[in-house]
Amino acid sequence: MTQNIQIFTKSSCSFCARAKALLSHMGLDYKEINVEASDHNENLSVSLSGVATVPQIFIGSYHINGVEDLERLQASGRLLPIVEAARGSSLAVADIPAVTAQVDAEDWALSQVIPATDGSRSTDPETWALLRFYKDFFGFWPNTFAYLYHWPDAYKLFVYCHNFSAVGYGKKVLGPLNMFTVGYSTSNVHGCNYCQVHSAATGGEQSLQAVRQFKAALAGERSAENPYGDLELAIANLAAEATRNAVTEETLNQIQQLSADAQQAQAYITGVEMMVAAFGFLNVFNDLTGLELEGKWAQQASEQTGIDAGRHQSTQDENPANLDYDLPQGGPSIEDMLAKYSGTIEDLAAYGTGNLGLFPNWIKRWPQPLQKHHAYLYGELMGEKSHTLLSAELRHLMARVSAIAKDHTYLAAVEGFMAYRSTQDSRRAIARIRDCFEVATGRMAGSELFSGREQAALQFAWISAQMPLTTPRKYVQAAVEQFSEKELIHLIVACSVASMVQRFVAIARPEIEAEVAQFLKQNNLETDTLKLRYPLPVDIAQLVA
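Residues numbered from 1 in each chain as written. Predicted model: local features only at pLDDT ≥ 70, side-chain atom pairs only at ≥ 80, totals over all residues. Heavy atoms only, no water.

Membership of the largest hydrophobic core comes to 159 residues, with the highest contact counts inside it found for Trp362, Leu458 and Val493. Sorting elements by how many residues they give to this core places helix H25 (residues 485-508) first, with 16 residues. The residues contacting Trp362, other than those within four sequence positions of it, are His374, Tyr378, Tyr410, Leu411, Val414, Met418, Val501, Phe504, Val505, Pro510 and Glu513. Membership of the second largest hydrophobic core comes to 19 residues, among which are Ile5, Leu28, Tyr62 and Leu73. (Core = buried A, V, L, I, M, F, W, Y, C linked by side-chain atoms within 4.5 Å. Buried < 20%, exposed > 50% of the residue type's maximum accessible area, 1.4 Å probe, protein only. Helix = DSSP H or I, 4+ residues; strand = E, 2+ residues; numbered from the N terminus. Contact = heavy atoms within 4.5 Å.)

Written out as structure tokens, the structure reads:
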């Protein structure tokens, strides 16, 4: 059965072998393009797909992102209809000039476009406690904040309402060793070298040794001196599974069986939820920005744990000296700021309904003592506020795109609902919810429902959902051209908040709210994220031609 199927592969790639075996089993001929054969082939794969991994499969020009989606399409009976609809369409790979593919595939660090700020000299008294904390904890003001500080409210909200609130909780219940390896594990699966290095170097020799011992235990090298046993490995594995949105009952049961009691098991699981949520934000923020690692930490992690800097290579040998001065005293304490933020919410349900259109079930599943901090952070960064530069509807649609890409059925649904509730044009809102993913992937180019800026933002959200996350020029250039430097940070933060919630939800598994389910049903909106990623429209050939 001759078909116009092309698949980008590597020689020793088990995922590629699975994809080829499936196509062969179905009697579908394909042309294999090995990305190891030439730089041009590798550039073509990234340029055409936007993704740094293989296999990347094209049926005509209809893109299927990886073997797992290919297998799911086959199992659901959707693959052959796509093949049939694409009959006669083509992807003219041979016609793409090498220079074009190279430019399109360039991993364009947005830190080359967005200048760093120096919030380490902030005159805002509400930030002074942060400077004092990081001088004691890190010895410097981390490079992440040099970009996040373009949006001062987001900087303060993330550090106070999540890092101090949720990460503090995670550290308390997990202990330092598990905290280090949960951070490393989730960042390793995501592919964020910046956060892998930070997880290894944050605690000095203690965290460096912890990562070394964890990697040894993973390799089966157990010893009496190695503190990582089955429970610790299960905790780290839960973090890895949450990152892939592939949490298994087996891992949850293992933690429950190995813990002293049910209460301790739940504490461990909740601690992982809080930590992976933090790194969900940080992995995406740091990888979208493409910022440099701090020099000394990068060197220590490389030499002592084998963690490479990757796309976050440092140009410095030492860590920044940006806090080596007499820091300002006074201003609100960390406790004062946490009380301020939680004090803004009297009734959580009323706050959710008033700001988001509902009180989401995922916030109800957040640890009760921290719910107000998380709700306020989410409401301020994703709602319609005086300090935001993008519409709330667009940010919720971006989060919906990211959720669909990562197979988060619950969040795809609730983000669509919140997008609807944040705008006055109900009929147009429904169409935008329905079409946003197709616009993000380019299958529905030139949609009159979205402005050029909005289309660029949705494509940016789709890129933010890929793992490992790179920023190919072809897929971020429109955003760079149409948004200011500060607006780009707002786009990055929206994607990062979406990732934060996704990793929590992967473990917490909230049910779709009744009002959301009713809304979807009444408006005939699809809930199956596989169908949303790979639609079968009446005339699909128009999409793949």
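Val54 connects to Pro55 through a cis peptide bond whose omega is 5°. With respect to the helices, strands and loops of the structure, Pro55 is situated in the loop between helix H2 (39-49) and strand S3 (56-59). A cis amide bond, omega -5°, links Met467 with the succeeding residue Pro468. By the secondary structure assignment, Pro468 is in the loop between helix H23 (452-464) and helix H24 (473-482). Even without a glycine there, the phi angle at Asn245 is positive, about 55°. Note that Asn245 resides in the loop between helix H12 (230-243) and helix H13 (249-258). A positive phi is found at Asn524, a non-glycine position, where the angle reads about 55°.

Tracing the chain through its elements places Gly452 in helix H23. Taking C-alpha positions, Gly452 is 9.2 Å from Ala479, a pair spaced 27 residues apart along the chain.

We now examine helix H20 (residues 392-405). In this model H20 runs 20 Å from its N-terminal to its C-terminal C-alpha over 14 residues, within 8% of the 20 Å that 1.5 Å per residue would give. In terms of residue burial, H20 counts as a mostly covered element, since 13 of its 14 residues are buried. Just downstream of H20, Asp407 is the residue with a positive phi angle, here 70°. (Expected span 1.5 Å × (residues − 1).)

The next thing to look at is the pairing of strand S1 (residues 5-9). Judged by how many residues are buried, S1 sits mostly within the fold: five of five residues are covered. Residues Ile5, Ile7 and Thr9 of S1 are buried on one face, and the alternating residues Gln6 and Phe8, pointing to the opposite face, are buried as well. In this sheet, strand S2 (residues 31-34) lies alongside S1 in parallel orientation, the contact comprising four bridges. Note on S2: the bridge partner recorded for Thr9 is Asn34. Between S1 and its parallel partner S2, the chain crosses via helix H1 (residues 14-25), and the hand of that crossover is right-handed. (Pairing = 2+ DSSP bridges. Right-handed = clockwise from strand over helix to strand, strands pointing away.)

Moving on, we come to the packing of aromatic side chains. For the structure on display, the rule yields 29 aromatic pairs. Judged by centre distance (4.9 Å) and plane angle (65°), the ring pair of Phe138 and Trp297 falls under edge-to-face. Highlighted residues: Phe138 in the loop between helix H6 (125-137) and helix H7 (143-148) and Trp297 in helix H15 (residues 295-305), separated in sequence by 159 residues. Trp297 gets classed as buried once you look at its relative accessible area, which sits at 6%. Both rings, one in Tyr351 and one in Tyr376, keep their centres 6.4 Å apart while their planes meet at 40°; by these two values the pair is tilted. Linking Tyr351 in helix H17 (residues 348-356) with Tyr376 in helix H19 (residues 371-382), this pair joins segments that are 25 residues apart in sequence. By the burial criterion, Tyr351 is buried, and Tyr376 matches it. (Phe/Tyr/Trp six-rings, centres within 6.5 Å; stacked < 30°, edge-to-face > 60°.)

This brings us to the sheet that holds S2. Across the sheet, which stays open at both edges, the four strands sit in the order S2-S1-S3-S4 with mixed pairing between neighbours. With partners counted over all chains shown, the strands left at the sheet margins are S2 and strand S4 (62-64), one partner each. The mean angle between the axes of side-by-side strands here comes to 20°, regardless of whether they run parallel or antiparallel. Sitting on the sheet, H1 is in contact with S1 and S2, with an inclination near 160° to S1. (Axes fitted to C-alpha atoms, helices over the stretch in contact; angles between N-to-C directions.)

Time to look at the environment of Pro125. By the element assignment, Pro125 lies in helix H6. With 206 residues separating them in the primary sequence, Pro125 and Gly331 have C-alpha atoms 4.7 Å apart. Setting aside chain neighbours within four positions, we find Pro125 in contact with Gly331 and Pro332.

Here we take up the side chain of Thr181. Counting through the fold element by element, Thr181 comes out in helix H9 (residues 176-190). Polar contacts involving the side chain of Thr181 include one to the main-chain carbonyl oxygen of Asn178, which spans 3.3 Å. Setting aside its immediate chain neighbours within four residues, Thr181 contacts Ala210, Phe214, Tyr228 and Ala236. (Polar contact = N/O pair within 3.5 Å; in protein donor to acceptor, adjacent residues only side chain to side chain.)

The interhelical angle for the contact between H12 and helix H14 (residues 262-289), taken along N-to-C directions, is 40°, at an axis separation of 10 Å. In terms of axis orientation, H12 runs oblique to H14. Remark: the crossing between H12 and H14 carries right-handed chirality. On H14, the residues that touch Leu231, Ile235, Leu238, Ala239 and Ala242 of H12 are Tyr268, Ile269, Val272 and Val276. Across the contact of H12 with H14, the residue classes break down as nine nonpolar, no polar and no charged. (Parallel < 35°, antiparallel > 145°, perpendicular 65-115°, else oblique. Left-handed = near helix turned anticlockwise from the far one by under 90°. Nonpolar A, V, L, I, M, F, W, Y, C, P; charged D, E, K, R; others polar.)

Now for the confidence of the model for the chain. The predicted structure's coordinates, where accompanied by low pLDDT, should not be read in detail. With 98% of its residues at a pLDDT of at least 70, the chain reaches an overall mean of 95. Contacts of residues 538-545 to residues separated by more than four positions or lying in other chains number 16 contacts, the stretch itself having pLDDT below 50. (pLDDT = per-residue confidence, 0-100.)

This part takes up the pattern of salt bridges. As enumerated under the stated definition, the model contains 20 salt bridges in all. Between Arg212 and Glu205 there is a salt bridge; the shortest N-O distance is 2.8 Å. Take Glu205: its relative accessible area is 44%, and that puts it in the partly exposed class. It is possible to trace a salt-bridge network through shared partners that takes in Asp69, Arg72, Asp407 and Arg533. (Salt bridge = Lys/Arg side-chain N within 4 Å of Asp/Glu carboxyl O.)

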